[in-house]
Amino acid sequence: MSSPTVAAYDLPLSAPTITACDSPLRIDSLVKHFGEATALDGITLELRSGECLGLLGPNGAGKTTLIRSIAGRVKADSGTIFVFGSPPNSVAARNALGWIPQELALYSGLTCRENLQSFGRYNGLRGLVLAEAVERCLEWTKLADRSLEIVRNLSGGMKRRLNMAVGIIHQPKLVLMDEPTVGVDPQSRNHIFEMIAQLREEGMSIIYTTHYMEEAERLCDRIAIVDHGNIIAQGTHVELVQRTFGPRSEVFARFVRADQRVEFWVAQRGGHIIDGTAQFKIDHPNEVAALLDASAMAGLELCDLSLRKPNLESVFLRLTGRELRD
Amino acid sequence: MIFAIVRTATLALLRDRGALALNFLLPLAFFSIFALVFGGRHDVTPRVKVLVVDEDGSRFSQGLVHGLEQAGSLEVRTRPESVNGSEQPDYTAATAKAGVKNGTAPVAVIIPRGLGDRPDPSSARDAHRGTISLLEDVSDAVAPLMVSGTLQIVTMTAMLQDRTEQLSDGPGKVHQGTESLRAMSGLANEGIAITATRVVGEKKSSPLISFYAAGIGVLFLLFTTSGASGALIEEAENGTLDRVLSSHVTMTALMLGKLTFNSMLAFVQLVLMFVWGWAVFGLDLWTHIPGFMVMGITTAVAVAAFGLLLASLCRTRAQLGALSTLIILAMSSVGGSMFPRYLMPAGMQKAGLLTINAWAIDGFTKVFWRDERISQLWPQVLVLVGTAVVFLAIARAAARRWEFV
């Protein structure tokens, strides 16, 4: 895919030109309540040009509300959002933004090509530019041979790819991807990863929400962990692990009887129990042997023991006390 | 197991307010409407408006007019309603004819000069007495028959009264009176002479085809456009609306786009209906194209706006289905799509004017039945366009809930 400038399209004359010095996205103290529930609780975030930032968090953490706020579909109660220096509902922001929602927001009775043409027109593309954009998207999604297929007849993976293409048909500079791989098989997921890699090569900045740790690790330059409407940590994968665990490893131990005696012993050894599993941090793998001896001395019967290097899931578990897929 | 299935179905029904309304409120609403229209309540019995011209001015003709006025089924007008407080002159044969033509009343009765002058009652029917003229608009299938029948009764009564008065005038008149009574007995067997003339649609073979094309057409247009507008709810539910609104499309542009599409859809449906009427039932479409275009477009825009209004007020497709069925069937029955409004009581006829159906049908009737000029369609056009504007404005306001969360 080529990456022409935004101004190359048939956009409204009032559309201000996006300057290179503007940050793709700046969010400051964003708050949004839905009745009694707090969806966003003062989120502050900045995206660098060409960067892929992963928003990692469980369902209900506030990721989608944040994405919808950036896309101009949710009005925040307080705080500010600037897309290349413009507010989300401005013409400039709309030109610069591409949104790939979690839902398959497509016209199911239209063909792939017709969907692309419709959303292309909605985004201001006309004539030859539109025709070229449609062909480019069909090629990008590898749906050229299915271009005349009615969307409802496509497989789940194909629909997901088309859903993505519709979001970037106007070649935005910043793309919001809200769990684009939900419900697709591993093969289609790999296909989608390749598509995203292609966008990154072209220099698009991306916000990518997911609750799949491996996706965040694979695709994102930086990761922000979102929980209860807040960003509780952010950095690269390595930084997050390092900051949370240092150089240490984790030991997971399960006991035959998880009673008060076990809880007392685990706490005494500096560990804690999450979901019935005792977790310890050790500086060196050799310390596992000492842990085993100590449990035997205390008369506690182990049924499972594992040692692993901390990953994003460990970070999330440690920071929130909850599994990532809760 | 059967109990479990019944329980699940009951719970689902109780949670679905739309289905509940459809199941229980709709039948009650329709029962009430039909009971009001045809239930025979004395205070709502329909009265036929009739224009009466008394050219004779005799005691007999005055008795006739009085008799017609006393008939409970008729609303007799001998002169147009006063304009700005000033009384209008009595109807003449010409103005009464014009009144029937323009739909002021479906029937006019012209009592000719000399009707009350009866030197020889036995030759009453064909000599000097003349015949009563009935000017009819047969688009109202009931009114001419009702007036004609009432006229027979009233005439007989008036004649009987007239002869009784003659008998009481003196002994010398006894013979004359006896002859009169004999003549009356002949009249009673044959009925009085009434000449019925169609003054509207005299060359039309199927007077009610255009009425049904418009009536049924509007009914289905309302269903079509409310169904098509339901796409808005579907798009909101599946996220397409969000995506569209995140592009350069504004909610106002979206609503206007939907209105345009639904209007086009409705207009094509009307065209199909009238072309079918022409091809199969001989409706005279081609000589009324300008009027059809005016009424077709305004009706289509009004029903399209109505559909958008319903869709914007409903949260789900199920709600829309229930609400639209309820409102459209109620509007169509009161507005004259199912049966002509002239069959309804006066109150219901007035209530019908609150519906799109009534104004559309009236407009199409003006075009196809009364052959009126396009300029005379202004009340219908004004009401339908005004309705569309108001409905669209309300729909736009209600659609604000989709603009932002």
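Keep in mind the model is a prediction, meaning the values are calculated, not measured. (Residues numbered from 1 in each chain as written. Chains lettered and ligands numbered in written order. Predicted model: local features only at pLDDT ≥ 70, side-chain atom pairs only at ≥ 80, totals over all residues.)

## Observations concerning the overall build of chain A
The condition that has to hold: Helix numbers and strand numbers start at the N terminus; a helix is a DSSP run of H or I with at least 4 residues, a strand a run of E with at least 2. The burial criterion counts other C-beta atoms lying within 10 Å of a residue's C-beta, which is placed from the backbone; the residue is buried at 20 or more, exposed at 12 or fewer, and partly exposed between these limits. Throughout, a pair of residues is in contact if the C-beta atoms placed from their backbones lie within 7 Å.
Secondary structure summary: chain A contains 11 helices and 13 strands in total. Structurally, chain A occupies a C-alpha span of about 80 × 45 × 35 Å along its principal axes. A buried classification covers 42% of the 326 residues belonging to chain A. Sequence-distant contacts in chain A: of pairs separated by 6 or more residues, those separated by 24 or more amount to 72%.

## A few points about the overall build of chain B
Per the secondary structure count, chain B includes 15 helices and 5 strands. The buried share of chain B, taken over its 405 residues, is 40%.

## Quick word on the confidence of the model for chain B
Residues and elements named next belong to chain B. Which entries qualify depends on this criterion: For every residue, the predictor states its confidence as a pLDDT score lying anywhere from 0 to 100.
With 84% of its residues at a pLDDT of 70 or more, chain B has an overall mean of 82. Segment residues 119-128: pLDDT under 50, and 13 contacts once partners within four positions in sequence are set aside and those in other chains are kept. Reported confidences for the modelled complex are a pTM of 0.76 and an ipTM of 0.80.

## Considerations on the interface of chain A and chain B
Keep this limit in mind: Residues were grouped as follows: Ala, Val, Leu, Ile, Met, Phe, Trp, Tyr, Cys and Pro as nonpolar; Asp, Glu, Lys and Arg as charged; and all remaining residues, including Gly, as polar.
Tallying the contact residues gives 17 residues for chain A and 13 residues for chain B. In terms of residue class, the side of chain A that touches chain B is made up of 10 nonpolar, 3 polar and 4 charged.

## Examining the pairing of strand 3 (residues 107-111) of chain B
All names here are of chain B. What counts, and what does not: When DSSP locates at least two bridges between a pair of strands, those strands are taken to pair.
Taken across its 5 residues, strand 3 has 5 buried, putting it largely inside the fold. Two strands pair when backbone bridges link them, and strand 1 (residues 48-54) and strand 3 are joined in this way by 5 bridges, in the parallel orientation. Bridge pairing links Val-53 to Ile-110 in strand 3. Note that strand 3 and strand 4 (residues 132-137) share 4 bridges and pair antiparallel. In the strand pairing of strand 4, Val-109 is matched with Leu-134.

## Remarks on the packing of helix 9 (residues 251-281) of chain B against helix 10 (residues 289-313) of chain B
Packed helix pairs are characterised by how far apart their axes lie and by the angle those axes make with each other. Residue and element names in this part refer to chain B. So the rule is basically this: Only the stretch in contact is used when a helix axis is fitted, and all axes are lines through C-alpha atoms; the angle between N-to-C directions ranges over 0 to 180 degrees. Relative orientations are named as follows: roughly parallel for angles under 35 degrees, roughly antiparallel for angles over 145 degrees, roughly perpendicular for angles from 65 to 115 degrees, and oblique for any other angle. Here is the rule for handedness: rotate from the far helix to the near one, and if that takes an anticlockwise turn smaller than a right angle the crossing is left-handed, while a clockwise turn gives right-handed.
Taken N-terminus to C-terminus, the directions of helix 9 and helix 10 make an angle of 130 degrees; their axes are 8 Å apart at the nearest point. Here helix 10 runs oblique to helix 9, going by the angle between their axes. Between helix 9 and helix 10 lies a crossing whose hand is right-handed. For the pair helix 9 and helix 10, the contacting residues are Met-255, Lys-258, Leu-259, Asn-262, Ser-263, Ala-266, Phe-267, Leu-270, Val-271 and Phe-274 in the first and Phe-292, Gly-296, Ile-297, Thr-299, Ala-300, Val-301, Val-303, Ala-304, Ala-305, Gly-307 and Leu-308 in the second.

## Observations regarding the packing of helix 7 (residues 209-238) of chain B against helix 13 (residues 356-368) of chain B
Residue and element names in this part refer to chain B. Across the interface, helix 7 lies against helix 13 with an axial gap of 9 Å and an inter-helix angle of 150 degrees. It follows from the interaxial angle that helix 7 and helix 13 lie roughly antiparallel. Helix-helix and strand crossings are classified by hand; for helix 7 and helix 13 the assignment is right-handed. Touching Ser-210, Phe-211, Ala-214, Gly-215, Val-218 and Leu-219 of helix 7 are Ile-356, Asn-357, Ala-360, Ile-361, Phe-364, Thr-365 and Phe-368, all from helix 13. For the contact of helix 7 with helix 13, a count of residues per class yields 9 nonpolar, 4 polar and no charged.

## Re the nonpolar core
Worth spelling out the cut-off: Only buried Ala, Val, Leu, Ile, Met, Phe, Trp, Tyr and Cys residues enter a nonpolar core, and they are joined through C-beta atoms within 7 Å.
By size, the foremost hydrophobic cluster in this structure holds 165 residues, and its most contacted members are Ile-207 of chain A together with Val-50, Val-107, Ala-108, Val-109 and Ala-305 of chain B. Per-element tally for this core: the top contributor is helix 10 of chain B, with 13 residues. Core analysis: the next-biggest nonpolar cluster, separate from the first, contains 6 residues, Val-251, Ala-253, Val-266 and Ala-278 of chain A among them.

## Brief notes about helix 4 (residues 93-101) of chain B
Residues and elements named next belong to chain B. Quick reminder of the rule: Starting at the helix axis, one direction is taken to each C-beta atom, and the arc is that of these directions.
Listed as buried for helix 4 are Ala-96, Lys-97, Gly-99 and Val-100. Angular distribution of buried residues about the axis of helix 4 spans 155 degrees; they occupy a single face of the element. Those residues of helix 4 that are buried lie in contact with strand 1, strand 3, strand 4 and strand 5 (194-200). Once helix 4 finishes, Gly-103 follows within two positions and takes phi at roughly 90 degrees, a positive value.

## Remarks on the environment of Thr-355 of chain B
Mapping Thr-355 of chain B onto the fold places it in the loop between helix 12 (346-352) and helix 13. Separated by 25 residues in the primary sequence, Thr-355 of chain B and Ala-330 of chain B have C-alpha atoms spaced 9.4 Å apart.

## Brief notes about the sheet that holds strand 11 (residues 272-274) of chain A
Residues and elements named next belong to chain A. If you walk across this open sheet you meet the 4 strands as 11-12-10-13, and the pairing is antiparallel. In this open sheet, the two strands that pair with only one neighbour each are strand 11 and strand 13 (302-308). When strand polarity is set aside, the average angle formed by the axes of neighbouring strands in this sheet is 30 degrees. Direction of pairing for strand 10 (residues 249-255) relative to strand 12 (residues 277-282): antiparallel, over a ladder of 5 bridges. For Val-251, the partnering residue across the bridge sits in strand 12 and is Phe-280. Along the sheet, helix 10 (residues 287-297) makes contact with strand 10, strand 12 and strand 13, crossing strand 12 at roughly 135 degrees.

## A word on the sheet that holds strand 1 (residues 25-34) of chain A
All names here are of chain A. Pairing in this open sheet of 3 strands is antiparallel, and the strands run 2-1-4 from one edge to the other. Each edge of the sheet is formed by a strand with only one pairing partner; in this case those strands are strand 2 (37-47) and strand 4 (78-83). Sheet twist, expressed as the average angle between the axes of neighbouring strands with direction ignored, equals 20 degrees. The pairing of strand 1 with strand 2 spans 8 bridges and is antiparallel. Counted as the bridge partner of Phe-34 is Ala-37 from strand 2.

## Quick notes on unusual backbone geometry
One non-glycine residue, Asp-275 of chain A, lies in positive phi territory at about 50 degrees. Overall, Asp-275 of chain A belongs to the exposed group, with 9 C-beta atoms counted inside 10 Å. For Asp-371 of chain B, which is not glycine, the phi torsion reads 55 degrees and is therefore positive. With respect to the helices and strands, Asp-371 of chain B occurs in the loop between helix 13 and helix 14 (378-398).

## As for helix 5 (residues 156-168) of chain A
Residue and element names in this part refer to chain A. Spelled out, the test is: The length a helix should cover is 1.5 Å for every residue beyond the first.
Over its 13 residues, helix 5 extends 19 Å from the first C-alpha to the last, a length consistent with the 18 Å expected when each residue adds 1.5 Å. For helix 5, the buried fraction is high: 11 of the 13 residues fall into the buried class. Those residues of helix 5 not exposed but buried are Met-158, Lys-159, Arg-160, Arg-161, Leu-162, Asn-163, Met-164, Ala-165, Val-166, Gly-167 and Ile-168. Buried residues along helix 5 sit in contact with strand 5 (97-100), helix 3 (112-122), helix 4 (127-140), strand 6 (174-178) and helix 6 (186-201).

## Here's the deal with the confidence of the model for chain A
Chain-level statistics for chain A give a pLDDT mean of 87 and a share of 92% at 70 or above. Here residues 1-21 of chain A is a poorly scored stretch, pLDDT under 50, and it has 36 contacts once near neighbours within four places are set aside; other chains count.

## Brief notes about the environment of Leu-354 of chain B
Residue and element names in this part refer to chain B. Here Leu-354 shows up in the loop between helix 12 and helix 13. For Leu-354, a count of 13 C-beta atoms within 10 Å puts it in the partly exposed group. The spacing of Leu-354 and Leu-64 is 290 residues in sequence and 37 Å in space, taken between C-alpha atoms.

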